[in-house]
Amino acid sequence: DAGITQSPRHKVTETGTPVTLRCHQTENHRYMYWYRQDPGHGLRLIHYSYGVKDTDKGEVSDGYSVSRSKTEDFLLTLESATSSQTSVYFCAISDPGTGVAEQYFGPGTRLTVT
Amino acid sequence: AQSVSQHNHHVILSEAASLELGCNYSYGGTVNLFWYVQYPGQHLQLLLKYFSGDPLVKGIKGFEAEFIKSKFSFNLRKPSVQWSDTAEYFCAFSKGASGTYKYIFGTGTRLKVLA
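Residues numbered from 1 in each chain as written. Chains lettered and ligands numbered in written order. Predicted model: local features only at pLDDT ≥ 70, side-chain atom pairs only at ≥ 80, totals over all residues. Heavy atoms only, no water.

A. Quick peek at the packing of aromatic side chains. As enumerated under the stated definition, the model contains 20 aromatic pairs over all chains in all. A centroid spacing of 6.4 Å and a plane angle of 20° characterise the contact between Tyr31(A) and Tyr33(A), whose relative ring orientation is stacked. Tyr33(A) matches Tyr31(A) in its accessibility class, with the two residues each being buried. Look at Tyr27(B) and Phe93(B): their rings are 6.2 Å apart centre to centre, the planes differ by 25°, and that puts the pair in the stacked class. Of the two residues, Tyr27(B) sits in the loop between strand E4 (24–26) and strand E5 (31–38) while Phe93(B) sits in strand E10 (residues 87–95), which places them 66 residues apart along the sequence. (Phe/Tyr/Trp six-rings, centres within 6.5 Å; stacked < 30°, edge-to-face > 60°. Buried < 20%, exposed > 50% of the residue type's maximum accessible area, 1.4 Å probe, protein only. Helix = DSSP H or I, 4+ residues; strand = E, 2+ residues; numbered from the N terminus.)

Okay, structure coming up:
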């Protein structure tokens, strides 16, 4: 398995509070991604990064922000959590610079917003 | 907008039955295609991938998929399923011949294999 860790693995928080999820990789891959997984929707891209300090929005970015200050870390912040953000969040990495590349996924973070 | 359709949302099979899961993508250019599997409570793992060349690709655990460009399809097959194949299966694609960085996923197919 690729060296990807996510923290925390489980979190329960209240509506209106800020939440930060962390993704850490040891593969030195250039690209990092945050997805959310919800029943009936599959995986939807929230934000992705193509290098340190280089990020862009995905299809469901409203209410989320990201930061990448180091190659190995990609943070996802929910500015003010809402119940609709209850989901499982997956981080993924890839390195297209080496050719066409598949993604490798982290173990996921289950977030519940009450 | 580009998308991936997985028409079978839930599939139930008995052990030793043959499996075919449908996947169609909507994009007219060159694509890279993937099938991922997610076992209960786990993260997604790559089953197989197609970038170019032979349209019939073989993956892990006896799975294979065939790219049919004219049908925009990349169906997943396995001749004889096992109970341990119970999982959710996701089809995905990315655009271009190389260097692409965004992947579009289907909504998944839940497979249940009865022992």
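The discussion continues.
B. Structural context of the nonpolar core. Counting 28 residues, the largest nonpolar core has Leu33(B), Trp35(B), Leu47(B), Leu48(B), Phe74(B), Leu76(B) and Tyr89(B) as its most contacted members. Of all the secondary-structure elements, those providing two or more residues to this core are strand E2 (10–14), strand E3 (19–21), E5, strand E6 (45–50), strand E8 (64–68), strand E9 (73–78), E10 and strand E12 (109–114) of chain B. Core analysis: the next-biggest nonpolar cluster, separate from the first, contains 19 residues, Ile4(A), Met32(A), Val66(A) and Cys91(A) among them. (Core = buried A, V, L, I, M, F, W, Y, C linked by side-chain atoms within 4.5 Å.)

C. View of the pairing of strand E8 (residues 73–78) of chain A. Residues and elements named next belong to chain A. Of all six residues in E8, five are buried, a share of seventy percent or more. The pairing of strand E3 (residues 19–25) with E8 spans six bridges and is antiparallel. Bridging from a neighbouring strand, His 24 pairs with Asp 73 of E8. Looking at chain direction, strand E7 (residues 64–70) and E8 are connected through five bridges and run antiparallel. Bridge pairing links Lys 70 to Asp 73 in E8. Here E7 hands over to E8 after two residues, the two strands then running antiparallel side by side. (Pairing = 2+ DSSP bridges.)

D. Molecular detail of the interface of chain B and chain A. Taken residue by residue, the interface counts 22 residues in chain B and 22 residues in chain A. Here chain B packs against chain A, burying approximately 1,800 Å² in sum over the two surfaces, 60% of which is carbon and sulfur. Three residues stand out in chain B for area buried against chain A, namely His43(B), Tyr101(B) and Tyr103(B), and they jointly supply 33% of the buried area on that side. Counting the contacts that link chain B with chain A gives one salt bridge. (Contact = heavy atoms within 4.5 Å. Buried area = accessible area lost by both parts, 1.4 Å probe. Salt bridge = Lys/Arg side-chain N within 4 Å of Asp/Glu carboxyl O.)

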